[in-house]
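# Descriptive analysis of the structure
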Amino acid sequence: MIIYGVYIVSKSGGLIFNLDNHVPRIEHEKTFTYPLDLVLDYDSKKVSVAFNRKDGINVGHVLVAVNGIPVNGITLDDGRDVKTTLEAAENYPINLKFSRPKTTTNEKIFLASMFYPLFAIASQLSPEPKSSGIELLEADTFTLHCFQTLTGIKFIVISETGLNGIDLLLSKVYELYSDYVLKNPFYSLERPILRIF
C-alpha cells in the first residue's frame, strides 16, 4: 500500500497541510550523440526538456546528471556550466540522466488552489442534486481520494491505484485534525499546520 501524499485544503482553497510520503524518483538515462536532439530550457534553477521526447524522457523532465556528475541548477558539481558542456561537440557521446521534477511548496499551493474550483465545478455539473463533488479521481498511475467536511475543509489522499480502505484513512485523518488541531487554543482557522518532527 503506497500513499503518495496527504493534503488538507481549506474551505477557501488554500493549502493548510501537505505531506509527501512516497514520491518515486523515476530516472531515465541515455547516451546521446552530437547534436543533441532534445531542446533544453536553461532556467536559472534547472535545466529541463522544452521540446521533443525520446525513450521515456518527456517535456518537463529535469536534467539531474551529465556523465554521472550531478547537476545543481545550471552547473555541474565540478563547476562547469551545463550549457557549454552540452554545446561542445568534443564532449560527445554524452550520457544524460533525466527525472521528473520535484514539486515545490509553491506548486503544491497552486495545485491545491486549483483543486477547489474543480471540486465546485464537479458539484455543479453533476446530474444529481446536492452532489458532494469529487470523491474519487482515478488516473493510470495514481488515485486521488477526497473527503469534504460539513465546514468545507477537504482532506485529500493520493495513493497508488487499486487500494481499498482509503475512506477509513480519510476519516482517521479528519478525526486527528479535529482532536489535535481544532482543539488547540493557539490555532487560527485556515492557517497552515506546522509539523515539528
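Residues numbered from 1 in each chain as written. Predicted model: local features only at pLDDT ≥ 70, side-chain atom pairs only at ≥ 80, totals over all residues. Heavy atoms only, no water.

### Concerning the nonpolar core
Core analysis: the biggest nonpolar cluster contains 17 residues, and Phe32, Leu38, Leu40, Leu63, Leu86, Leu96 and Phe98 have the highest contact counts within it. Of all elements in the fold, only β5 (47–51), β6 (62–66), α1 (82–87) and β9 (94–99) reach the threshold of two or more residues within this core. No other element matches the 3 residues that β9 contributes to this core. Apart from residues no more than four positions distant in its own chain, Leu40 is found in contact with Val47, Ser48, Val49, Ala50, Leu86 and Phe98. (Core = buried A, V, L, I, M, F, W, Y, C linked by side-chain atoms within 4.5 Å. Buried < 20%, exposed > 50% of the residue type's maximum accessible area, 1.4 Å probe, protein only. Helix = DSSP H or I, 4+ residues; strand = E, 2+ residues; numbered from the N terminus. Contact = heavy atoms within 4.5 Å.)

### A look at helix α3 (residues 166–182)
In a regular helix each residue adds 1.5 Å, so 17 residues correspond to 24 Å; α3 covers 22 Å between its end C-alpha atoms and thus fits that length. Every buried residue of α3 is listed here: Ile166, Leu170, Val173, Tyr177, Ser178 and Val181. Down the axis of α3, the buried set is contained in an arc of 140 degrees. They therefore lie on one face. Residues of α3 that are exposed and point over 90 degrees away from its buried face: Leu168 and Tyr180. (Expected span 1.5 Å × (residues − 1). Arc of directions from axis to C-beta.)

### Section: the packing of aromatic side chains
Scanning all chains against the criterion turns up 6 aromatic pairs. Here the aromatic rings of Tyr34 and Tyr92 are separated by 5.2 Å at their centres, their planes lie at 65 degrees, and the arrangement is edge-to-face. Taken together, the positions of Tyr34 in the loop between β3 (27–32) and β4 (39–42) and Tyr92 in the loop between α1 and β9 put the pair 58 residues apart, joining distant regions of the chain. Residue Tyr34 is classed as partly exposed on the basis of its relative accessible area, which comes to 46%. Here the aromatic rings of Phe147 and Phe155 are separated by 6.4 Å at their centres, their planes lie at 35 degrees, and the arrangement is tilted. The exposure class of Phe147 is partly exposed, given its relative accessible area of 31%. Phe155 sits in the buried class, given a relative accessible area of 1%. Grouping aromatic residues by their ring pairs yields a cluster made of Phe147, Phe155, Tyr174 and Tyr177. Directly above the aromatic system of Phe32 lies the positively charged group of Lys30, at a separation of 5.7 Å from the ring centroid. Above the plane of the ring of Phe119 lies Lys154, whose end atom (NZ or CZ) is 4.9 Å from the centre. (Phe/Tyr/Trp six-rings, centres within 6.5 Å; stacked < 30°, edge-to-face > 60°. Lys NZ or Arg CZ within 6 Å of the ring centre and 35° of its normal.)

Functional significance is not addressed by these values, which are geometric in nature.
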